[in-house]
Amino acid sequence: MDSNSVEATRIRQEIDSLKSKKLNIEQQISSLEAQLHQLELNSNTASSLSNGNLGNSNGLSPDMIYRYSRHLLLPSFGVQGQANLLKSSVLVIGAGGLGSPALLYLAACGVGRIGIVDHDIVELNNLQRQIIHTEAYIGKSKVESAADACRSINSSTQIVEHKEAFRTSNALEIVSKYDVVVDATDNAPSRYMINDCCVVLGKPLVSGAALGLEGQLTVYNYNGGPCYRCLFPTPPPTNACQRCADSGVLGVVPGVIGCLQALEAIKVASLVGEPLSGRMLLLDAVSGRFRNVKLRGRSLQCEACGDHAVLTRQTFLDFDYEKFTQTPLSPGPLKLNLLSVDARISSTEYSEKVTEGETHVLVDVRPAHHYKIVSLPNSINIPLSTLEDRLPEISASLEKEAKKDSLDSGSSASLFVICRRGNDSQRAVELLHKLGFSSAKDIIGGLESWAHNVDPKFPTY
Amino acid sequence: MQLTIEFGGGLELLCDSVKIHNINVDPQDGEKQGSIDIISSFFNQLTLKNLLSWVRTNVIKERPEMFMKGDSVRPGVLVLVNDADWELSGQLDTVLEEKDNVVFISTLHGG
């Protein structure tokens, strides 16, 4: 290591250490500010009471009048809307792409109490869309990060941190403490569970979703309107549920939907306007189109809110949402195990083969746009969906490699298959075995394993 | 009969990623089964049930099981006729008219 890189490492460490000190100080300041504000509020109330002069009978302190003046100036919102908001409480489940903007606006607008539920930590690849979090919070709890951001915007709003996964076991207790629920989660079982919990407790549910370049928004279980199960009594097949981590999402799309969720929550909490119940807003960001569609009413046959529904606190507690939707509540990456041990090698074993110069062909079966992000040298890209049609290319490559290394006519080049995480590569090897490439082997764990175990500098995504 | 059909929420991936299709369907084209369809074909009408089987044959390019289950759409797909849930117009029995707009949209879960 040359002296320059030693110096660079030292400087980086110093920056990190200073950043962490700065964060710590900022947290102390914001906590002290909150305390001071509370003291001021108390003494304001005390002094105005002692003067026998509240100044105004609407219950808003001078600070509040100033802070929320633009709301108060709105004839359709005004003092009453703001007063309702200040008395209300909103629970945001999920502090991710949807929850981030929703929380920022809910904190700013003067909701009295905001609860945040999430069990996740902030990661670098969240920051492209989860705009409430900053680099300084990478590795820290999302709830803590979001709560600090909310407090720094509005120290007069009470922020409650629920650093836990939302499960049937804690759902009823948490939700019962709030007036309005915002579903900002990212998976099907959570959506059914949150819906059912809101039906049991009679809470309006502001539901948003985003994926790719599309978003959806509606309010469930509000004023006799339909609930999530009225619309979707049967869960979709698991392979119909795409995840942002696999399919991608343009950051601003959940941003738009999350803002609209804040808007609907504010309408419900302030009793102003016409919440989006019995209707759904569909956003197609590519064409710049919003579509506002009319939904069915509450279904009398609905298993959650219908006339003969059997949903109670107890049945809710006993219901297995993961089994119902065939999807885990904390969707980790899928880990298939389709092949026998001798049809697979680890990334480190593959690395050794490369070093030893073993004659081989490496087929990368990811989609072309994944391959463009990053790939291993000398790999050829044949996406899984086109594999069957492009077998001749594999045969040709194998022959070429064998010729290049002038192997005996009896032996041939080895064939390895890789993908992002090691699932599609197994599917591909299975297919290759069926189609006569019996020596094909998959690289266990794919490029993620390569980055983890062989080359830490290899980019992951 | 001229209709516009649209796919969203990922269903467009089943038809070469094309979201909007302007189609021309002969009401006689639909698969005819059951009494309602006999009546509708007698009156030369096109129901959503007919349209679904036409779309499955003529528009969907891959994995039809991601679009339909039995003779209806698969769970998790909303069908909108002129921007209203098909539950409001009679679901499979909805009678379509010239220039109608039918949207098939998969519910999203991401966030």
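Rules used in this analysis
- Residues numbered from 1 in each chain as written.
- Chains lettered and ligands numbered in written order.
- Predicted model: local features only at pLDDT ≥ 70, side-chain atom pairs only at ≥ 80, totals over all residues.
- Heavy atoms only, no water.
- Helix = DSSP H or I, 4+ residues; strand = E, 2+ residues; numbered from the N terminus.
- Areas by Shrake-Rupley, 256 points an atom, 1.4 Å probe, with all protein chains shown as cover.
- UniProt positions renumbered as here; feature names shortened; annotations may be inferred.
- Buried < 20%, exposed > 50% of the residue type's maximum accessible area, 1.4 Å probe, protein only.
- Contact = heavy atoms within 4.5 Å.
- Disulfide = S-S within 2.5 Å.
- Buried area = accessible area lost by both parts, 1.4 Å probe.
- Salt bridge = Lys/Arg side-chain N within 4 Å of Asp/Glu carboxyl O.
- Polar contact = N/O pair within 3.5 Å; in protein donor to acceptor, adjacent residues only side chain to side chain.
- Nonpolar A, V, L, I, M, F, W, Y, C, P; charged D, E, K, R; others polar.
- Domains from an automatic or database assignment.
- Pairing = 2+ DSSP bridges.
- Axes fitted to C-alpha atoms, helices over the stretch in contact; angles between N-to-C directions.

**Observations regarding the overall build of chain B**
Here is step 1: In terms of regular secondary structure, chain B is built from two helices and nine strands.
Here is step 2: In the form shown here, chain B has an accessible surface area of approximately 4,900 Å², with 49% of it arising from carbon and sulfur atoms.

**Let's talk about the UniProt feature "modified residue: 1-thioglycine" (unreviewed entry) in chain B**
Here is step 1: The UniProt entry lists Gly 111 of chain B under the feature "modified residue: 1-thioglycine" (unreviewed entry), expressed in the numbering used here.
Here is step 2: Following the sequence through the fold, Gly 111 of chain B ends up in the segment after strand S9 (101-106).
Here is step 3: Classification of Gly 111 of chain B as buried rests on a relative accessible area of 14%.
Here is step 4: What Gly 111 of chain B contacts, discounting residues up to four positions off in sequence, is Gly 96, Gly 97, Leu 98, Thr 185, Asp 186, Ala 210 and Cys 244 of chain A.

**Some points on the state of the cysteines**
Residues and elements named next belong to chain A.
Here is step 1: A complete count under the given rule lists zero disulfides over all chains for this structure.
Here is step 2: Cys 109 provides the cysteine sulfur closest to Cys 259, a residue in no disulfide bond, and the two sulfurs are 12 Å apart.
Here is step 3: For Cys 259, a relative accessible area of 30% corresponds to the partly exposed category.
Here is step 4: The structure places no disulfide on Cys 302, whose sulfur is separated from the nearest cysteine sulfur, that of Cys 227, by 3.6 Å.
Here is step 5: A relative accessible area of 4% places Cys 302 in the buried class.

**Here we look at the interface of chain B and chain A**
Here is step 1: Facing the 29 residues of chain B at the interface are 36 residues of chain A.
Here is step 2: Overall, the association of chain B and chain A removes approximately 2,600 Å² of surface from exposure, summing both partners, and the carbon and sulfur fraction of that is 56%.
Here is step 3: Where chain B packs against chain A, one counts six salt bridges.
Here is step 4: Among the salt bridges present, the one from Asp 83 of chain B reaches Arg 291 of chain A, with a minimum N-O distance of 2.7 Å.
Here is step 5: Joining chain B to chain A, the criterion identifies 17 residue pairs in polar contact (both at pLDDT 80 or more).
Here is step 6: When contributions to the side of chain B that touches chain A are tallied by element, the ones reaching two or more residues are strand S1 (2-8), strand S6 (77-81), strand S7 (84-85) and S9 of chain B.
Here is step 7: Among the elements that make up the side of chain B that touches chain A, the one with the highest residue count is S9 of chain B (four residues).
Here is step 8: Taken together, the residues of the side of chain B that touches chain A sort by class into twelve nonpolar, ten polar and seven charged.

**Observations concerning the pattern of salt bridges**
Here is step 1: Throughout the structure, instances matching the rule amount to 31 salt bridges over all chains.
Here is step 2: Here Asp 196 of chain A makes a salt bridge to Arg 229 of chain A, at a shortest N to O gap of 2.6 Å. Linking Asp 196 of chain A in helix H8 (residues 188-201) with Arg 229 of chain A in helix H9 (residues 228-231), this pair joins segments that are 33 residues apart in sequence. Accessibility assignment for this pair places Asp 196 of chain A and Arg 229 of chain A in one class, buried.
Here is step 3: Residues Asp 71 of chain B and Lys 49 of chain B are paired through a salt bridge, measuring 3.5 Å at the closest nitrogen-oxygen approach. Here the residue Asp 71 of chain B occupies a position in the loop between strand S4 (68-69) and strand S5 (72-73), and Lys 49 of chain B occupies one in helix H2 (residues 48-58), the gap between them amounting to 22 residues.
Here is step 4: Accessibility expressed as a relative area gives 21% for Lys 49 of chain B, which makes it partly exposed.
Here is step 5: Put simply, Glu 144, Asp 148, Arg 151, Glu 161 and Lys 163 of chain A are held in one network by salt bridges that share partners.

**Considering helix H18 (residues 446-454) of chain A**
Here is step 1: Buried within H18 of chain A we find Gly 446, Leu 447, Ser 449, Trp 450 and Ala 451 of chain A.
Here is step 2: On the buried face of H18 of chain A, the contacting elements are helix H14 (347-356), strand S10 (360-364), strand S12 (414-418) and strand S13 (441-443) of chain A.

**A few points about the domain arrangement of chain A**
Here is step 1: Here chain A is described as being made up of domain 1 (88-325) and domain 2 (341-453).
Here is step 2: A straight line from the C-alpha centre of domain 1 of chain A to that of domain 2 of chain A covers 42 Å.

**Re the UniProt feature "binding site: Zn(2+)" (unreviewed entry) in chain A**
Residues and elements named next belong to chain A.
Here is step 1: Within this structure's numbering, the places UniProt gives as "binding site: Zn(2+)" (unreviewed entry) are Cys 227, Cys 230, Cys 302 and Cys 305. What stands out for the annotated residues spanning 79 residues is how close their C-alpha atoms remain, the widest pair being 8.5 Å apart.
Here is step 2: Turning to its location among the elements, Cys 302 is positioned in the loop between strand S8 (289-294) and helix H12 (313-318).

**Regarding the sheet that holds S12 of chain A**
Residues and elements named next belong to chain A.
Here is step 1: In spatial order, the strands read S9-S13-S12-S10-S11; together these five strands make up an open sheet with parallel pairing. The sheet terminates laterally at strand S9 (344-345) and strand S11 (379-381), the two strands that pair on one side only.
Here is step 2: As judged from the two bridges shared by S9 and S13, these two strands associate in the parallel manner. Looking across to S13, one finds that Arg 344 is bridged to Asp 442.
Here is step 3: Most of the contacts of helix H17 (residues 424-434) go to S12, to which it runs at about 145°, and overall it touches S9, S12 and S13.

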